[in-house]
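# Structure assessment
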Amino acid sequence: MAEVILKNVSKVYDGGKPAVKNVNIEIKDKEFVVLVGPSGCGKSTTLRMIAGLEEITEGDIYIDGKRVNDVSPKDRDIAMVFQNYALYPHMTVFENMAFGLKLRKFPKEEIKARVTDASKILGLEEFLQRKPKALSGGQRQRVAVGRAIVRKPKVFLFDEPLSNLDAKLRVQMRTEISKLHHSLEATMIYVTHDQTEAMTMGDKIVIMKDGVVNQIDTPLNLYNYPSNRFVAGFIGSPSMNFIEGRIIDNNALGFISKGSGLQLKLNSGYEKKLNGFTNKDIWLGIRPEDIYDIHAVERPSFNKIDVNLEVVEPMGNEIFLYFPIDGIQFTARIPAREKPEPHKKSELYFDTGKLHFFDKESEIAI
């Protein structure tokens, strides 16, 4: 396998609008890296440049230490798995998986051995003589993955491979791809718009927006230490709550929202972080899971807030609560003990030990 390095890579289409801007990523050998972001953020374009399916406007891409800017896709020793499977409908599963090896004129015995090994890994032994139309969506996706495995490439590229599957199959397939990564010890680069996929699969996650890399980090660090407001809001489900306000210091540190609907006492641990931001406009963020109901065991960092619950959503093992503050909808995520009644006043507790602060103008984390 091999490391993949992108240095100052940009892509500008004919209209002059940059799709990818000055991307720098270092993917280590055997690492599973996920490119994630909203539609149009440049993640698939970046993957296609690595594959050689898109020309690079500026910068350099290295695979296994070799600059591949001018190397054709077939000579980059990569294998790509697409969203739409791209299987040949007139061929059997065996023939689909063997097709690339036949083109490269591999001996028949080696082709048979590689396809057999890949089919065992993916649980496809009993389907080798079927055609794609006789397979489920999940089985077809496994065939597409198997076709990549038999190549034994240096790098696997996945372009939103689970988007066409239903929710249950997506969970199953992402588990299988993660297990595959560990068994093959392969370098894998995976593109998705689904932050849950990114958080559960990646060793490292690259978050993109408008063609720009916003943060590269481990899933845990992205969740706990987002670099800016966009990353904070993108990672986590339901997403982080945000409200505009000011840091005040009237003998004790505090926060007051712009409409004065939220007032919090802050512990002294924030003094160093918020030094210089007193009486300046900032964004405050708090995750739904850091807002508790009256059943929670109180902590010193808890601030009690009286709210009017507008919507209560039971989710099985948890309940989502929706309530307004200064006209902004907030979400709390609490365990399912007893269902609170909507359209009534309720007491909630904000854990001020878990707050996030962002500069008002730049939206960079403070």
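For the structure itself, look to the data block above.
These numbers were taken from a predicted model, which means no experiment stands behind them. (Residues numbered from 1 in each chain as written. Predicted model: local features only at pLDDT ≥ 70, side-chain atom pairs only at ≥ 80, totals over all residues. Heavy atoms only, no water.)

### A short note on the sheet that holds strand β17 (residues 311–314)
Strands pair in a sheet through their backbones, by hydrogen bonds, and they do so in one of two ways: parallel or antiparallel. Spatial strand order, β17-β18-β19: 3 strands in an open sheet with antiparallel pairing. Pairing within the sheet leaves two strands with one partner each, and these edge strands are β17 and β19 (328–335). Shown here is a sheet whose adjacent strand axes are inclined to one another by a mean of 20°, direction ignored. Across 4 bridges, β17 lies against strand β18 (residues 318–325) in antiparallel orientation. By the bridge assignment, V312 is partnered in β18 with L321. (Pairing = 2+ DSSP bridges. Helix = DSSP H or I, 4+ residues; strand = E, 2+ residues; numbered from the N terminus. Axes fitted to C-alpha atoms, helices over the stretch in contact; angles between N-to-C directions.)

### What about the pairing of strand β10 (residues 212–217)?
Note: strand β9 (residues 204–209) against β10, 5 bridges, orientation antiparallel. By the bridge assignment, M208 is partnered in β10 with V213. Where β9 hands over to β10, the hairpin turn is made up of 2 residues, of which D210 adopts a positive phi near 50°.

### Digging into the pattern of salt bridges
Under the defined criterion, the tally for this structure stands at 20 salt bridges. In this structure, D60 engages R67 in a salt bridge whose closest nitrogen and oxygen atoms are separated by 2.6 Å. D60 sits in the partly exposed class, given a relative accessible area of 21%. The class of R67 is partly exposed, set by a relative accessible area of 40%. Taken together, the salt bridges that share partners define one network made up of K11, R48 and E54. (Salt bridge = Lys/Arg side-chain N within 4 Å of Asp/Glu carboxyl O. Buried < 20%, exposed > 50% of the residue type's maximum accessible area, 1.4 Å probe, protein only.)

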